[in-house]
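Understanding the architecture of this molecule
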Amino acid sequence: MTEPKHGIVLGGGWAGMLAAHVLARHLERVTVVERDVLPDGPRHRKGSPQGRHVHVLWSSGARIVDTLLPGMIDQLLDAGARRIGFHQDLVTLTSHGWQHRFPPRQYALMCTRPFTLPPDAAAWLGDYRKDNENLFKEYTAATAPTGEYMAQALFETAGGYALIAESDLSGRYSAARLIHQQGQPTYRIGLWDQRVASDGPLSTPWRALIVGDLATVTQSTFTDDLAPASRVADTSWIRPGPALWTWLAGGKAAGQSLSMQKGYVDYAAQRGWPYVVVDAGWYFDPDQWDVTDPNWPRNSWLPRLVDYARERHVGIQVWIHHRDLDTAEERELWLPTLEKWGVKGVKIDFMDSEAQETLRWYDEILKATADHHLLVNFHGSTIPKGIQRTWPQVMSMEGVNGEEKRTNTPQHLATLPFTRNVIGSMDFTPGAFHRAERPNAGSDAGEVGLSVLYESGIQDLAGTPESYDARPLARRFLEQIPATWDRTRLLTGRPGESAVLARASGSRWFIGGTFTGPAHTAKVPLRLEKGRWLVDLVLDGPDGLVRNATVVRGGQTLSVPVTADGGFAAIACRWRPGLSTCDRT
């Protein structure tokens, strides 16, 4: 029998190329039959649709490959592959929740691939900024301009929606952004740092897709589910709730005035709001704005304000610039002092970075604030990528083009519930009725609805007492806002066009809606439990806000008149004969 001299291998993938390599040791010639022209880099091939999947090479396979092709594993790592530990880095959704399913010390080599969408997939993207404060705009996956985008991008395909998210981000790594080339439907991961420092085994953050219909994505808690469990053993001191935020209400003058802050405390106490947030100025040199008084612990009037507020059952939270807490020595001065005075929380501002060095600072400040029983709200910050599960004292984070901005659009308002707010609590600071720059300035009802539509552990209400008193129906509704929500349901909406969410607290459902475009009658499915519900609506009328109570069965459609680029708010409670309001006193 003649020895074979020519071998034929069908397919030029991993298995085919390895087989050809082995055969080439024994045969004179080997031919690989492949329908595609092989690319010169990691590209998807038409003839290999499975190439779009994540590919994993087990540790035993990696050893074999490295034996057959010495140096191949190093080349894969240089090209972007990641060595992962399955026990540490992989969890599986089971009937008992997310669990590790593989034994420790089992390692694999995983090739990182970009996110590739259908070219015509609708895309809602925000240009990347160091503080994550930018507008969301709608494109298609391929036509979005060349640039960098925030890692909170939403896409719609024929099969549903997909939101790119990141979780378990800490100082062991660097924050992600999306990098895109116009004309291509592909989005690559880019990091703030060119190199990530590690003193030992490296566990990277989760990069995840939240996939499903729009309700599944909007109601998802996936980023929190992937994060490590709470590191705060005793959480009895952690109490969310609405706050009267004094920056947009009073500006610089309020930040340096004890008498003005006492007035805000009185107003919050009358409304039943548990907090007042004292913003910038309270520890500045009285003669130099934005200059820290070196003797602030002795000179500050804040202890007197805390005592005054405590007598009225109002807690005080305070603004602090990041520069005053960026060293261990400063933290050891500030945080114990504030705790001693009785301050309930800190709003830390102007980190303006997602570098690994800054994320390590977050690790330190989170542990320190937990040790000193201080609630936290970060502004000028990253976004809460699982941080609120691990450190539950984090009430909210900005990371959003919020009410302070003068550039917001109705489309942006109607995109946030499906993007940024899915990731975690969002300090948009609604309620600034006195600001003419609001994109919904013609709809006070829509502004009221934002207090429900946007979730935040501390809902910083940004209006002036005078603006609330001029709108008693808005004031009444905001007095009813609970400290926390039990569950959330998307009633109707489409990103950039409309959003109506219902959030439950106990037996009551609060509803908030925002719309873009001309005035019309919105059709809102009442996706609540069966039975009769009293729906107590706050709507825009010809001379201001009006109240309209109607009885609707769960599952029926509610007709709601909305103004141009406007919205509405409502409270729904179980109807019974004689009931005319869902208010509680």
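Here, every reference points to the structure presented above.
What comes next is a walk through the structure. Here the residue numbers are simple positions, counted from 1 along each chain's written sequence. In keeping with the predicted nature of the model, local features appear solely for residues at pLDDT of at least 70, side-chain atom pairs appear and are counted solely at 80 or more, and the whole-chain, interface and lining totals rest on all residues. In computing side-chain properties, one takes all heavy atoms of the structure into account and sets aside hydrogens as well as water.

**As for the layout of surface pockets**
- Here a cavity denotes grid points, spaced 1 Å and computed from the protein atoms alone, that fit a 1.4 Å probe unable to get out, and a pocket denotes an open set having protein on both sides within 12 Å along at least 5 of 7 lines; residues with an atom within 4 Å of a point are the lining. Grid points are joined across faces, edges and corners, and a volume is the space filled by probe spheres set on the points. Space inside the second largest pocket adds up to approximately 820 Å³.
- Taken together, 38 residues form the lining of the second largest pocket, with T221, D224, S425, E455 and R503 sitting closest to its centre.
- For the lining of the second largest pocket, the elements supplying multiple residues, two or more each, are α6 (222–225), β17 (241–245), α13 (387–390), β24 (394–397), α15 (420–423), α16 (444–453), β26 (487–494) and β27 (498–505).
- In this count, Pro and Cys sit with the nonpolar residues alongside Ala, Val, Leu, Ile, Met, Phe, Trp and Tyr, while Asp, Glu, Lys and Arg are called charged and the others, Gly among them, polar. A class-by-class count of the residues in the lining of the second largest pocket yields 15 nonpolar, 16 polar and seven charged. Elements are defined by DSSP. Helices are runs of H or I of four residues or more, strands are runs of E of two residues or more, and each kind is numbered from the N terminus.

**Digging into the nonpolar core**
- With 85 residues, the main nonpolar core has W282, L302, I316, V318 and F378 as its most contacted residues.
- At seven residues, the largest contribution of residues to this core is made by helix α12 (residues 356–371).
- What W282 contacts, discounting residues up to four positions off in sequence, is G255, W296, S300, W301, L302, V318, W319, W334, L338 and W341.
- Formed by 31 residues, the second largest nonpolar core is a distinct cluster that contains Y161, L413, M426 and L490. Throughout this description, the term nonpolar core refers to a set of buried Ala, Val, Leu, Ile, Met, Phe, Trp, Tyr and Cys residues connected via side-chain atoms within 4.5 Å. Throughout, exposure labels follow a simple rule: accessible area from a 1.4 Å probe, protein chains only, divided by the maximum for the residue type, with under 20% read as buried, over 50% as exposed, and the rest as partly exposed. The contact rule is simple, with two residues in contact once any of their heavy atoms fall within 4.5 Å.

**What about the pattern of salt bridges?**
- Any carboxyl oxygen of Asp or Glu within 4 Å of a side-chain nitrogen of Lys or Arg constitutes a salt bridge here. Within this structure, the stated rule accounts for 29 salt bridges.
- For R312, the salt bridge goes to D266, with nearest N and O atoms at 3.3 Å. Residue R312 is found in the loop between α10 (302–311) and β21 (315–321), and its partner D266 is found in helix α8 (residues 258–271); the two are separated by 46 residues along the sequence.
- The partly exposed category is assigned to R312, whose relative accessible area is 29%.
- The partner of R438 in a salt bridge is E447, and the shortest N-O contact between them spans 3.3 Å.
- What you see here is one network of salt bridges that share partners, running through R129, D131, E133 and K405.

**Concerning the pairing of β17**
- With respect to burial, β17 is a largely interior element, five of its five residues being buried.
- Both β17 and strand β25 (residues 458–461) contribute to a ladder of four bridges, which runs parallel. Each residue of the ladder has a partner; that of P242, found in β25, is Q459.
- For two strands to be treated as a pair, DSSP must find at least two bridges joining them. Bridge count between β17 and strand β18 (residues 275–278): three bridges; the pairing is parallel. Paired with A243 across the strands is Y275, a residue of β18.

**Digging into the sheet that holds strand β10 (residues 136–140)**
- Pairing in this open sheet of five strands is antiparallel, and the strands run β10-β9-β12-β13-β16 from one edge to the other. Strand pairing shows two members of the sheet lacking a second neighbour, β10 and β16 (206–212), which therefore form its edges. The mean inter-strand angle of the sheet, taken between neighbouring strand axes irrespective of direction, is 20°.
- In this sheet, strand β13 (residues 160–167) lies alongside strand β12 (residues 154–157) in antiparallel orientation, the contact comprising four bridges. Directly across from L154, in β13, lies its bridge partner L163. Axis lines are fitted to C-alpha atoms, over the contacting stretch for helices. Their N-to-C directions set the angle, which ranges from 0 to 180 degrees.

**Describing the packing of helix α11 (residues 328–341) against α12**
- Where α11 contacts α12, the axes come no closer than 10 Å and their chain directions differ by 30°. The pairing of α11 with α12 is recorded here as roughly parallel in orientation. Crossing handedness for the pair α11 and α12: right-handed. Along its contact with α11, which presents R331, L335 and E339, the element α12 presents W361, E364, I365, A368, T369 and D371.
- Tallied by class, the residues present in the contact of α11 with α12 amount to four nonpolar, one polar and four charged. Angle categories are assigned with fixed cut-offs, so that under 35 degrees is roughly parallel, over 145 is roughly antiparallel, 65 to 115 is roughly perpendicular, and the rest are oblique. Left-handed is the label given to a crossing in which the near helix is rotated counterclockwise from the far helix by less than a right angle, and right-handed is the label when the rotation is clockwise.

**Concerning α10**
- For α10, every residue scored as buried is listed here: L302, L305, V306, Y308 and A309. Along α10, the residues classed as buried sweep out an arc of 165° about the axis, all on the same side. Along α10, the residues that are exposed and aim more than 90 degrees away from the buried face are R304 and E311.
- Against the buried residues of α10 lie α8, β18, β21 and α11. In this description, the arc belongs to the directions extending from the helix axis to the C-beta atoms.

**Re helix α1 (residues 14–23)**
- Of the positions making up α1, those classed as buried are G16, L18 and A20.
- The inward-facing, buried residues of α1 contact β1 (6–10), β2 (29–33) and α2 (59–68).

**Some points on the state of the cysteines**
- Cysteine sulfur atoms are paired as a disulfide whenever they come within 2.5 Å of each other. Going through the model one piece at a time under the given rule, you end up with one disulfide.
- Between C573 and C582 runs a disulfide, and the two sulfur atoms are separated by 2.1 Å. Linking C573 and C582, the disulfide has an S-S dihedral of approximately -80° and is accordingly described as left-handed. Like C573, the residue C582 is buried in the burial classification.

**What to know about a nonpolar patch on the surface**
- On the surface, I8, L10 and V33 cluster together into a nonpolar patch covering about 330 Å² of accessible area.
- Mapped onto the fold, L10 is located in strand β1. Grouping into patches uses exposed residues only, defined as over 30% relative accessible area, and leaves out salt-bridged ones; the cut-off is 9 Å for like charges and 5 Å for nonpolar side chains (Val, Leu, Ile, Met, Phe, Trp, Tyr). The method behind every accessible area is Shrake-Rupley, applied with a 1.4 Å probe, and residues are considered shielded solely by the protein chains displayed.

**Details of the environment of P145**
- Within the secondary structure, P145 is located in the loop between β10 and β11 (147–150).
- For the pair formed by P145 and E466, sequence separation is 321 residues and the distance between their alpha carbons is 44 Å.
- Contact partners of P145, with chain neighbours within four places excluded, come to Y139, H180 and Q182.

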